[in-house]
Amino acid sequence: MTSSLPATALPDRARQDTRWRTPLFDFQRTLSWRGRVALGVLAWGLFLAAWQMLARAGIAPEQLFPAPTDVFSALYRLLTEQQFLSDIRASLTRILISFAIAASLAVPLGVLMGAFPVVAAFGNALVSPFRYLPAPSFIPLLLMWLGTGEAQKIALLCLGVVWFLITLVMDNTRAVRVDLIETAKTLGATRRATLWTVVVPAALPAIVDTLRQMLAVSWTYLVIAEIVAATDGIGAMMMRARRFVRVDDIMAGILVIGLLGLLLDLLFRALHWWVFPYLRQRRQ
Amino acid sequence: MNAYAASRLHSAPVARRELRVEGLSKVFTARRGSVVTAVDDVSFRVLPGEVCALLGPSGCGKSTVLRMVAGLEQPSDGSIVLSGREVTGPGRDRGLVFQSYTCFPWLTVRENVAYGLKVTGSTLALREGTVDYFLERVKLTPFADRYPDELSGGMRQRVAIARTLANGPDLLLMDEPFGALDSETRWQMQRLLLDVVRREGMSVLIVTHDVDEALYLADKIVCLSRHPGRVRDILMPPAEKPDEPEALYSAPAFVRLRSGILRMLREEGATAPLGETP
Ligand SMILES: Nc1ncnc2c1ncn2[C@@H]1O[C@H](COP(=O)(O)OP(=O)(O)OP(=O)(O)O)[C@@H](O)[C@H]1O
Ligand SMILES: [Mg+2]
C-alpha cells in the first residue's frame, strides 16, 4: 500500500530501463522531455532553413517571397510601431469578448442538453441545422443590420463558434459516467444537487478542453471579419500591407496570429492544470 | 473517540426494518422491439439486520433485481416494500455500492465519504465526526486527503463503502463489490464488511456469483435460476462464521452446502449453454 521499497531499488530500476536498446521508430515509444523539445526545434530549424534557401535562390522575386530573416526583421519593425500594437489589442479584444459571449451562451445550454434528453431533443432541432450554415454567409446580413462597427465583427465571431460549442459541450456532458449520477441519486442527492455536484464537475475538464480548441477556431473568423470591413486589427493591417505589396508584413501578421493562438492555448492548458489538481498525476 | 463513535456505543444495533420483494418481474424492450424477460416473479425477504446474498449464473438478472430495489429501474410487475413503504425511486434509506469504482474523482477521499451527508444537509452528522469514524472503520484515515486516482482498486472500493455507510442507510445494497479484488484483499474486505454491518445493525442485500463469498457473508442465500431469473432456492448457511477462509473448505456444514450450490449452478449452466442467445 505504501511505497516501502528499499532505497537502492529505484536506481536499479532506472538503470534497467536503458538496458534494452529500443528501436528509434518503435510504436508507442516514450520520449524524454528533452528529446521531444530537441525534435521540435529540429523540425522548425529544417523548415526555416529550407525556406531561407528557397527564398535566397532567387526563384521568385524577393518582394513576393521574402526569406524568414526578412519576416523577422519586419516583425521587429512592426512591434516598435504604435499602430501595430493597437491592431493586436483590437484583435485580441474582439476574440475575447466574442468568445466570452459565445461560451456563456453555449456552456449552460450544452450542459442542460447533455444532462436532459428532453432539452436535447428540443435544442438539437435548432442547433444542428445552424451548424451547417457557414458563418461568413451571414456577413451581408450582419453588415446591413449592424453596420461595419464592432457589433458586426463580434456577432460574426460568435456565430462562427457558438453552434459547435453547444454541440461539443453537450457531448462532453453526455459522456459523464451514468454510474456516478446513479451513485449521487442513491446517496440522496436531488436532481438539482446531482446536476451541480456531479454532472458539472465531471464534465468540466472536457468542457475546458473544448473551449481551448474552439478558441483556435475563433481566429479563423477574426481574420475574415477584419478583412471584410475594418480599419484596425491584425487582419486589417495585413490588408493594408497588401496594397503596398509588403509581403514581409503580411507574413509577420500571420506569425503574430499563430503566436497569439499558441499563447492562449497555453493559458488554457495552465488553467486546466491549476483548476483540476486531481488530474495531474494521471498520464495523458 | 469522536462523538459519532460514542453515540454508536449507547444505541445498541438498531433493529432496522424489513425488505419485502413480492412477485418482482422486469421485462426489457430491446431497440428492435424484441422483449427480454430478465427477472420473472421473484419473491424474497430480507429481515432486519440480516445479510442476504443473491446468487446465480451470469446474466440471470441479479443486478437488475438490485437496481430495482435501489429505485434506479422500474419493475414491470410486483412490489418492493422497505419498512412498510413502497419503493418508488432512489433514496438515501438504500445505499448502493456498484461493482465499478464510483468514487468521484474530483473529490478527495474525505470529501467523497462526506458527499452524502453534505448533499442531504446532514450538518449534525458532519459535525459529530461521522466521516472520520467511517474513514477509520475502512482503514483509510492516512489517505483521507488523497484523490481516488492515487489509490488502488481495493482502496477505492473501501471509499465507496464508507461513503455509503456514512449516509446511514437502513439497507446496504452491493453489486459484486469485491469482484475485482485478489482473494486475500477480498477476504479482508468481507470480514470488514461483516464487522461494520453487525455494529451498525443494517440489513444487506449483496449480489455475487462467488459461492464462497455468499456462504461466508450471508445469513440467507437466494439462488436465482438462469434466464429468466426466478428464485430457485433459498438457503440458510450456518450463522457461525469461521475466522479463516480455509475453514470454509473443511467445516462439514459448509462443504455440504457448497457442493449443493455448485451442483445447482452447473445444472443451470447446462440448461442454457454459453453462447446461446435467449
Ligand atoms: N437495460 C437493459 N436493456 C435490455 N436488456 C437488459 C438491460 N439490462 C439488463 N438486460 C438483460 O437482462 C438480463 C439480466 O441482466 P443482469 O445485468 O441483471 O444480469 P446479472 O445476473 O447481473 O449478470 P452478471 O452476473 O453477469 O452481472 C441479461 O440478459 C441482460 O441482457
Ligand atoms: Mg451484474
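Notes on the structure in this doc start here. Predicted model only: the values in this text are computed from it and were never measured.

**As for the sheet that holds strand β6 (residues 94–97) of chain B**
Residue and element names in this part refer to chain B.
- Within the open sheet, the six strands sit side by side as β6-β7-β8-β3-β9-β10. Their pairing is mixed. Only two strands of the sheet have a single neighbouring strand rather than two, namely β6 and β10 (231–235). Along the sheet, successive strands turn relative to each other by an average axial angle of 15°, direction set aside.
- Where strand β3 (residues 51–55) meets strand β8 (residues 203–208), five bridges bridge the pair, whose relative direction is parallel. In the strand pairing of β8, L54 is matched with V207.

**Examining the sheet that holds strand β1 (residues 19–29) of chain B**
All names here are of chain B.
- Within the open sheet, the four strands sit side by side as β2-β1-β4-β5. Their pairing is antiparallel. What marks the edges here is a single partner per strand, and that holds for β2 (35–46) and β5 (85–86).
- Of the pairings in the sheet, the one linking β1 to β2 comprises eight bridges and is antiparallel in character. The residue bridging L24 from the neighbouring strand is V42, located in β2.
- Lying over the sheet, helix α2 (residues 62–70) contacts β1, β2 and β4 (77–82), oriented at roughly 115° with respect to β1.

**Looking at helix α5 (residues 117–131) of chain A**
Residue and element names in this part refer to chain A.
- For α5, which comprises 15 residues, the first-to-last C-alpha distance of 19 Å matches the rise-based estimate of 21 Å (1.5 Å per residue) to within 8%.
- The sharpest bend along α5 measures roughly 45° and falls at N124.
- Listed in full, the buried residues belonging to α5 are A120, G123 and V127.
- Those residues of α5 that are buried are in contact with α4 (82–115) and α7 (150–174).

**Quick look at a negative patch on the surface**
Residues and elements named next belong to chain B.
- Among the surface-exposed residues, D182, E184, D243, E244 and E246 lie close enough to one another that they form a single negatively charged patch.
- Structurally, the position occupied by D182 is in the loop between β7 (171–175) and α7 (183–200).
- A relative accessible area of 46% places D182 in the partly exposed class.

**Details of the site of ligand 1**
Residues and elements named next belong to chain B.
- Taken together, F28, A38, S58, G59, C60, G61, K62, S63, T64, E176, H209 and H227 make up all the residues around ligand 1.
- Between K62 and ligand 1, the recorded distance is 2.8 Å, taken from a side-chain N or O atom to an oxygen atom.
- Between ligand 1 and the protein, one listed contact pairs an oxygen atom with a side-chain N or O atom of T64 at 2.5 Å.
- Relative to its unbound accessible surface of 640 Å², ligand 1 loses 63% to contact with the protein.
- Of all the elements, α2 adds the most residues to the shell around ligand 1, at three residues.
- For the shell around ligand 1, the class distribution of residues is three nonpolar, seven polar and two charged.

**A short note on the packing of aromatic side chains**
- Per the stated rule, a full pass over the model turns up nine aromatic pairs over all chains.
- With centroids separated by 5.9 Å and ring planes inclined at 50°, the aromatic side chains of Y278 of chain A and Y147 of chain B adopt a geometry described as tilted. A residue pair is termed interchain when its members come from two chains, as with Y278 of chain A in the segment after α11 (247–275) and Y147 of chain B in the loop between α5 (130–137) and α6 (153–166).
- Considering the side-chain rings of F104 of chain B and Y115 of chain B, the 4.8 Å spacing of their centres and the 55° angle between planes classify their relative orientation as tilted. Residue F104 of chain B is found in the loop between β6 and α3 (109–119), and its partner Y115 of chain B is found in helix α3; the two are separated by eleven residues along the sequence.
- Given the relative accessible area of 0%, F104 of chain B is considered buried.
- Here the aromatic cluster, defined as three or more aromatic residues joined through ring pairs, consists of W44, F47 and W51 of chain A.
- Note that R163 of chain B overlies the ring of F104 of chain B, its terminal NZ or CZ placed 4.8 Å from the centroid.

**As for the environment of M214 of chain A**
Residues and elements named next belong to chain A.
- Looking at the secondary structure, you find M214 in helix α9 (residues 191–228).
- For M214, a relative accessible area of 7% corresponds to the buried category.
- Distance from M214 to L165, taken between C-alpha atoms, is 7.0 Å for residues 49 residues apart in sequence.

**Brief notes about the side chain of T64 of chain B**
Residue and element names in this part refer to chain B.
- Along the chain, the position of T64 falls in helix α2.
- Its relative accessible area of 12% is what places T64 among the buried residues.
- Excluding anything up to four places from it in sequence, T64 contacts K26, F28, A38 and V39.

**Brief notes about the pairing of β6 of chain B**
All names here are of chain B.
- Across the two faces of β6 the burial is the same, with R94 and L96 and G95 and V97 all buried.
- The pairing of β6 with β7 spans four bridges and is classified as parallel. Opposite R94, over in β7, you have L171 as the bridge partner.

**Regarding the pattern of salt bridges**
Residue and element names in this part refer to chain A.
- Applying the stated rule across the entire model yields 28 salt bridges over all chains.
- A salt bridge links R269 to D265, with the shortest nitrogen-to-oxygen separation between them at 2.9 Å. Separated by four residues within a single helix, R269 and D265 lie in helix α11, roughly one turn from each other.
- The class for R269 is partly exposed, based on a relative accessible area of 45%.
- Here the residues in one salt-bridge network are R77, E81, R246, D248 and D249, joined through shared partners.

**Points about helix α10 (residues 234–243) of chain A**
Residues and elements named next belong to chain A.
- Taken as a whole, α10 has its buried residues at I234, G235, A236, M237, M238 and A241.
- In this structure, the buried side of α10 is in contact with α3 (68–79), α4, α9 and α11.
- V245, located one to two residues past α10, shows a positive phi value of around 50°.

**Considering the interface of chain B and chain A**
- Contacts between the two partners involve 29 residues from chain B and, on the opposite side, 21 residues from chain A.
- Three residues, W106, Y115 and D149 of chain B, lead the burial of chain B against chain A; their summed loss comes to 28% of the area buried on that side.
- Run the count over chain B and chain A and you get one salt bridge.
- With its nearest N and O atoms 2.8 Å apart, the salt bridge here joins R67 of chain B to E182 of chain A.
- Where chain B touches chain A, the interface holds five residue pairs in polar contact (both at pLDDT 80 or more).
- Listed by contribution, the elements that provide at least two residues to the side of chain B that touches chain A are α2, β6, α3 and α6 of chain B.

**Things to note about the packing of helix α6 (residues 139–146) of chain A against α7 of chain A**
Residues and elements named next belong to chain A.
- With their axes 9 Å apart at the nearest point, α6 and α7 run at an angle of 145° to one another. Crossing handedness for the pair α6 and α7: right-handed. Every residue of α7 that contacts α6 at I139, L142, L143 and L146 is listed here: A151, Q152, A155, L156 and L159.
- Across the contact of α6 with α7, the residue classes break down as eight nonpolar, one polar and no charged.

Definitions and limits used
Residues numbered from 1 in each chain as written. Chains lettered and ligands numbered in written order. Predicted model: local features only at pLDDT ≥ 70, side-chain atom pairs only at ≥ 80, totals over all residues. Heavy atoms only, no water. Pairing = 2+ DSSP bridges. Helix = DSSP H or I, 4+ residues; strand = E, 2+ residues; numbered from the N terminus. Axes fitted to C-alpha atoms, helices over the stretch in contact; angles between N-to-C directions. Contact = heavy atoms within 4.5 Å. Expected span 1.5 Å × (residues − 1). Bend = angle between axes of the 7 residues up to and from the residue. Buried < 20%, exposed > 50% of the residue type's maximum accessible area, 1.4 Å probe, protein only. Patch = residues over 30% accessible without salt bridge, like charges linked within 9 Å, V, L, I, M, F, W, Y side chains within 5 Å. Areas by Shrake-Rupley, 256 points an atom, 1.4 Å probe, with all protein chains shown as cover. Salt bridge = Lys/Arg side-chain N within 4 Å of Asp/Glu carboxyl O. Lys, Arg positive; Asp, Glu negative; His and termini not counted. Charge placed at Lys NZ, Arg CZ, Asp CG, Glu CD. Near = heavy atom within 4 Å. Polar contact = N/O pair within 3.5 Å; in protein donor to acceptor, adjacent residues only side chain to side chain. Nonpolar A, V, L, I, M, F, W, Y, C, P; charged D, E, K, R; others polar. Phe/Tyr/Trp six-rings, centres within 6.5 Å; stacked < 30°, edge-to-face > 60°. Lys NZ or Arg CZ within 6 Å of the ring centre and 35° of its normal. Buried area = accessible area lost by both parts, 1.4 Å probe. Left-handed = near helix turned anticlockwise from the far one by under 90°.

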